[in-house]
Amino acid sequence: MATIIDPESAKSLIKEYQQQNSASGGPAIKTPEGHFLNGYFLDRESLEKILSNPKAEGISLHLAKHPDFKGADSHHFTVLYAGAEPNTAPDAKTQYVNTGAVYGGPPPCPPMCSSLPPQ
């Protein structure tokens, strides 16, 4: 499962992504406002609602086309997320199934950015 990344490594990895995303010939993933996408802000309320389900072992996060740009040939994307419960179906093809509400449309960074804490 997830591991903790030290702040300096996290900053370095984020910087590398940002440089590659904004470079000529890079993926150029954009926010709806046309800025280079750095990330998303997931609010506490939606996360607490998802995790209030005692069967949820975590959150499944999916990359998706931004609904304002559906069908457009552009690199405007978003994330969708929902609770993930163990998949107990016989011959399950995935380890988890999404349950409950699917959340989407989290504000992108920029403008909703945070900084990593100092070491």
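Because the structure is predicted, anything quoted here is derived from the model rather than measured.

## A look at the sheet that holds strand 4 (residues 96-104)
Strand order in the open sheet formed by three strands is 2-3-4, and the pairing between neighbours is antiparallel. The outermost strands of the open sheet, each flanked by one partner alone, are strand 2 (58-65) and strand 4. Neighbour-to-neighbour, the strand axes of this sheet turn through a mean angle of 35 degrees, independent of strand direction. By the bridge criterion, six bridges tie strand 3 (residues 77-86) to strand 4 in an arrangement that is antiparallel.

## Description of the pattern of salt bridges
Where charged atoms from two side chains of opposite charge approach closely, those side chains can pair. Counted by the stated rule, this structure contains three salt bridges. For Lys-11, the salt bridge is made with Glu-8, and the minimal N-O distance between the two is 3.9 Å. With a gap of three residues between them, Lys-11 and Glu-8 both fall in helix 1 (residues 7-22), about one helical turn apart. For Lys-11, a relative accessible area of 34% corresponds to the partly exposed category. Its relative accessible area of 40% is what places Glu-8 among the partly exposed residues. For Lys-49, the salt bridge identified is with Glu-45, shortest N-O distance 3.1 Å. Taken together, the positions of Lys-49 and Glu-45, both in helix 2 (residues 44-51) and four residues apart, correspond to about one turn of that helix.

## Regarding the state of the cysteines
Here the structure, examined in full by the defined rule, presents one disulfide. Across a sulfur-sulfur distance of 1.9 Å, Cys-109 and Cys-113 are joined as a disulfide pair. Looking along the S-S bond of the Cys-109-Cys-113 disulfide, the torsion reads about 105 degrees, which is the right-handed sense. On the basis of relative accessible area, Cys-109 is assigned to the buried category, the value being 11%. Overall, the relative accessible area of 42% leaves Cys-113 in the partly exposed class.

## A word on unusual backbone geometry
Here Cys-109 and Pro-110 are connected by a cis peptide whose omega angle stands at 0 degrees. For the bond running from Pro-110 to Pro-111, omega is 15 degrees, close enough to zero to count as cis. With respect to the helices, strands and loops of the structure, Pro-111 is situated in the segment after strand 5 (108-109). One non-glycine residue with positive phi stands out, namely Ala-28, at about 50 degrees.

## Let's talk about the environment of Phe-36
Structurally, the position occupied by Phe-36 is in the loop between helix 1 and strand 1 (39-40). Taking the C-alpha atoms as reference, Phe-36 lies 8.5 Å from Cys-109; in sequence the two are 73 residues apart. Once residues within four sequence positions are removed from consideration, Phe-36 is found in contact with Asn-21, Ser-22, Ala-28, Ile-29, Lys-30, Thr-31, Cys-109 and Pro-110.

Conventions used here
Residues numbered from 1 in each chain as written. Predicted model: local features only at pLDDT ≥ 70, side-chain atom pairs only at ≥ 80, totals over all residues. Heavy atoms only, no water. Pairing = 2+ DSSP bridges. Helix = DSSP H or I, 4+ residues; strand = E, 2+ residues; numbered from the N terminus. Axes fitted to C-alpha atoms, helices over the stretch in contact; angles between N-to-C directions. Salt bridge = Lys/Arg side-chain N within 4 Å of Asp/Glu carboxyl O. Buried < 20%, exposed > 50% of the residue type's maximum accessible area, 1.4 Å probe, protein only. Disulfide = S-S within 2.5 Å. Contact = heavy atoms within 4.5 Å.

Purely spatial values, then, with no claim about function.
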